[in-house]
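Close look at the chain arrangement
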Amino acid sequence: MIEISNIRKSYGDTIVVWDVSLQIPRRGITSIIGPNGAGKSTLLSMISRLAPMTSGTVRVDGLDVTKTPSDVLAKRLSILRQDNRVGSRLTVRDLVEFGRYPYSKGRLTAEDRAHVDKAIGFLGLEGLAGRFLDELSGGQRQRAYVAMVLCQDTDYVLFDEPLNNLDMKHAVGMMKLLRRAADILDKTIVLVLHDINFASCYSDYIVAMRDGSVIRHGSPRAIMTSEAIRDIYEMDVEVQEVQGRRISIYYT
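Here we summarise the structure given alongside this text. (Residues numbered from 1 in each chain as written. Predicted model: local features only at pLDDT ≥ 70, side-chain atom pairs only at ≥ 80, totals over all residues. Heavy atoms only, no water.)

Before going further, it helps to examine the overall build of the protein. Helix and strand counts for the protein come out as 10 helices and 12 strands. By principal-axis analysis of the C-alpha atoms, the protein measures approximately 55 × 40 × 30 Å. For the protein, the residues scored as buried account for 47% of the 252 residues in total. Long-range pairs, those at least 24 residues apart, make up 63% of the contacts in the protein between residues at least 6 apart in sequence. Entry remark: accessible area of the protein is about 12100 Å², with carbon and sulfur atoms responsible for 47%. Across the protein, 33 positive and 31 negative side-chain charges occur, with their mean positions spaced 4 Å apart. (Helix = DSSP H or I, 4+ residues; strand = E, 2+ residues; numbered from the N terminus. Buried < 20%, exposed > 50% of the residue type's maximum accessible area, 1.4 Å probe, protein only. Contact = heavy atoms within 4.5 Å. Areas by Shrake-Rupley, 256 points an atom, 1.4 Å probe, with all protein chains shown as cover. Lys, Arg positive; Asp, Glu negative; His and termini not counted. Charge placed at Lys NZ, Arg CZ, Asp CG, Glu CD.)

Right, here's the structure in full:
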């Protein structure tokens, strides 16, 4: 479980995350939704220790992320950011091997290579393993990054807007892959998502933020109501049920 207690992030007099306390359940997919500037990505960055918090604590299975040694935390929690700065002349296999660094320190063992092969296979990248990243489509490249993170073999995996720059087909494919990772690999996956319908259809739990605060959290059925979405996005929408899932109609 990820336990967040009274965390705050401010830049000078500007507060971007305001006293958030929350428990993110173990296993399954938790999606963080909300309008632009709600503090979603900042919250995720503080959970992963990429961004320092101004105050408060985050614990992952009881480990305080600010006090736990990096090599220990890296075996428990991993994150895929929006801005991945990795050399384009790496092959897919080179990239995925980076996921084993907390274990191998650059000297891959047979066990590390087995994890690399497993991640490449899980993401269906066998035929692309020797290709350079700049030779791939956006969807293929995104799958390679996901393979790298899964290869780190952590219980908790965080993704900051993993559907960015993906078309409809690839976005659906990515959400199905993450759902499989949660179900088959027994991962706890936390996503920042802009599309509330993807959150509704693929999540077990949804956290809704606005103006730096968590204003609602619960199951998709609890969040996907016209009243709740009005509170989150300050707009009136229609919610319909399609094949047992709640879908927001917000484009009219």
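The subject of this paragraph is the sheet that holds strand E5 (residues 63–64). As summarised here, the arrangement of the four strands in space is E2-E1-E4-E5, forming an open sheet in which the pairing is antiparallel. Taken across any chain shown, the strands that pair with only one partner, and hence form the sheet edges, are strand E2 (14–24) and E5. Relative to strand E4 (residues 55–60), strand E1 (residues 2–11) runs antiparallel, the two being bridged by five bridges. Counted as the bridge partner of Ile4 is Val58 from E4. Where helix H1 (residues 40–47) meets the sheet, it contacts E1, E2 and E4, and its direction lies at approximately 120° from that of E1. (Pairing = 2+ DSSP bridges. Axes fitted to C-alpha atoms, helices over the stretch in contact; angles between N-to-C directions.)

As a further point, take the nonpolar core. Of all hydrophobic cores here, the largest spans 50 residues; its most connected members are Leu178 and Ile189. Core analysis: the second largest hydrophobic core is formed by 27 residues, Ile24, Leu73, Leu158 and Tyr205 among them. (Core = buried A, V, L, I, M, F, W, Y, C linked by side-chain atoms within 4.5 Å.)

A separate point is the packing of helix H5 (residues 110–122) against helix H6 (residues 138–151). Running from N to C, H5 and H6 cross one another at 140°; their axes reach a closest spacing of 9 Å. The angle between the axes of H5 and H6 places the two elements in the oblique class. H5 and H6 meet at a crossing whose hand is right-handed. Two secondary-structure elements touch here, H5 through His115, Val116, Ala119 and Phe122 and H6 through Ala147, Leu150 and Cys151. (Parallel < 35°, antiparallel > 145°, perpendicular 65-115°, else oblique. Left-handed = near helix turned anticlockwise from the far one by under 90°.)

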